[in-house]
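Notes for the structure review
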Amino acid sequence: MPSNNTPEIESKILEVTPEELSEKLQLIGARQIFDGELRAQWLRNGDEWDDPEGKKKLRVRQEWDIVVVERKLAIKGANDGIKVANEKSFHADRFNNVVDVLLAVGFTRIWLPSVKRRVTYLIGDEETGVKLDFDTYIELMGKYGTLDNPVIPTLMEIESKRSKQEVFDTAALLGFDPIDLNDCGPRELFKYYHPGAPII
């Protein structure tokens, strides 16, 4: 099974769709490479309060028939709206089987599984290019929606494998300013759009 250990440099821009940016995406040479559903389950090995850096967390994610088990370690840096993390991952066979095995050896669920529609564009090549992921959450932390009425409105994530500057430059090419960049994760998104709702 393949494994990787690559840096992940990313930022989100809220409430933007590929349809709204279609002309700019064409102008900068972005091509669509994926349109499908992603399912994810976060798990932890131990108490989250004794793991502030996330060293004991794993994410199991299914993208079509590909299941990936990932460990992400955030790298602390400037509060500039960009998240940087070291990522290690490997491929597995079945989403439910992987989650069941991890639960059996002592991991616990952090939240209920999430489901989102993702449309991905790529600028450049697979190895060094910039990815633009447009995500629409339809299930998250115990709330259920539809594509027409999602739990979290469509957002864009810009991901570089090379530098923060590449994220800033790509955002600028699409008409956004640094102030539009956001490093929030699923919990922060949920709290922003559903203040006071229980996180399950």
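Above this text is the structure in question.
Overview of the structure.

About the cut-offs
- Residues numbered from 1 in each chain as written.
- Predicted model: local features only at pLDDT ≥ 70, side-chain atom pairs only at ≥ 80, totals over all residues.
- Heavy atoms only, no water.
- Helix = DSSP H or I, 4+ residues; strand = E, 2+ residues; numbered from the N terminus.
- Buried < 20%, exposed > 50% of the residue type's maximum accessible area, 1.4 Å probe, protein only.
- Contact = heavy atoms within 4.5 Å.
- Polar contact = N/O pair within 3.5 Å; in protein donor to acceptor, adjacent residues only side chain to side chain.
- Core = buried A, V, L, I, M, F, W, Y, C linked by side-chain atoms within 4.5 Å.
- Phe/Tyr/Trp six-rings, centres within 6.5 Å; stacked < 30°, edge-to-face > 60°.
- Arc of directions from axis to C-beta.

Turning to unusual backbone geometry, a few remarks are in order. Positioned with a positive phi, Glu15 is a non-glycine residue whose angle comes to about 55 degrees. The phi angle at Met141 is positive, at roughly 50 degrees, despite the residue not being glycine. In this fold, Met141 is placed in the loop between β8 (130-140) and β9 (143-144). Since its relative accessible area comes to 1%, Met141 is described here as buried.

Quick look at the environment of Lys116 now. By the secondary structure assignment, Lys116 is in strand β7 (residues 114-123). Lys116 sits in the buried class, given a relative accessible area of 10%. Taking the C-alpha atoms as reference points, Lys116 and Lys164, separated by 48 residues in sequence, lie 26 Å from one another. Among all residues touching Lys116, those that are not within four sequence positions of it are Gly36, Glu37, Leu38, Asp135, Thr136, Tyr137 and Ile138. Here the side chain of Lys116 touches Tyr137 through a polar contact of 3.5 Å, side chain to side chain.

Let us now look at the nonpolar core. Counting residues in hydrophobic clusters, the biggest one holds 22 residues, and the most contacted among them are Ile13, Leu25, Leu132, Phe134, Met156, Ile158 and Phe176. Counting only elements with at least two residues in this core, the list comes to β1 (3-13), β7, β8, β10 (152-160) and α3 (164-173). Among the nonpolar cores identified, the runner-up in size contains 13 residues, and Met141, Val151, Leu155 and Cys184 belong to it.

Let us look at the packing of aromatic side chains. Evaluated as defined, the whole model comprises 3 aromatic pairs. Judged by centre distance (4.5 Å) and plane angle (55 degrees), the ring pair of Phe34 and Trp64 falls under tilted. One end of the pair, Phe34, is in strand β2 (residues 31-44); the other, Trp64, is in the loop between β3 (57-63) and β4 (66-74), with 30 residues separating them in the sequence. Look at Phe34 and you get buried, because its relative accessible area is 6%. Since its relative accessible area comes to 53%, Trp64 is described here as exposed. Relative to Phe134, the ring of Tyr121 lies with its centre 5.9 Å away and its plane at 85 degrees, an arrangement referred to as edge-to-face. Here Tyr121 is found in strand β7, whereas its partner Phe134 is found in strand β8, with 13 residues between them in sequence.

Moving on, we get to the side chain of His194. Inspection of the secondary structure puts His194 in the segment after α4 (186-193). In this structure the side chain of His194 is engaged in a polar contact, spanning 2.8 Å, whose partner is the backbone oxygen of Val151. Setting aside its immediate chain neighbours within four residues, His194 contacts Lys143, Val151 and Ile152.

Our focus in this paragraph is helix α2 (residues 95-104). Buried residues of α2: Phe95, Val98, Val99 and Leu102, and no others. Angularly, the buried residues of α2 cover 95 degrees about the axis, an arc narrow enough to put them on a single face. Pointing more than 90 degrees away from the buried face of α2 are the exposed residues Val101 and Ala104. Those residues of α2 that are buried are in contact with β2, β3, β4, β5 (83-92) and β6 (108-109). With its phi angle positive at about 115 degrees, Gly106 sits one or two positions after the end of α2.

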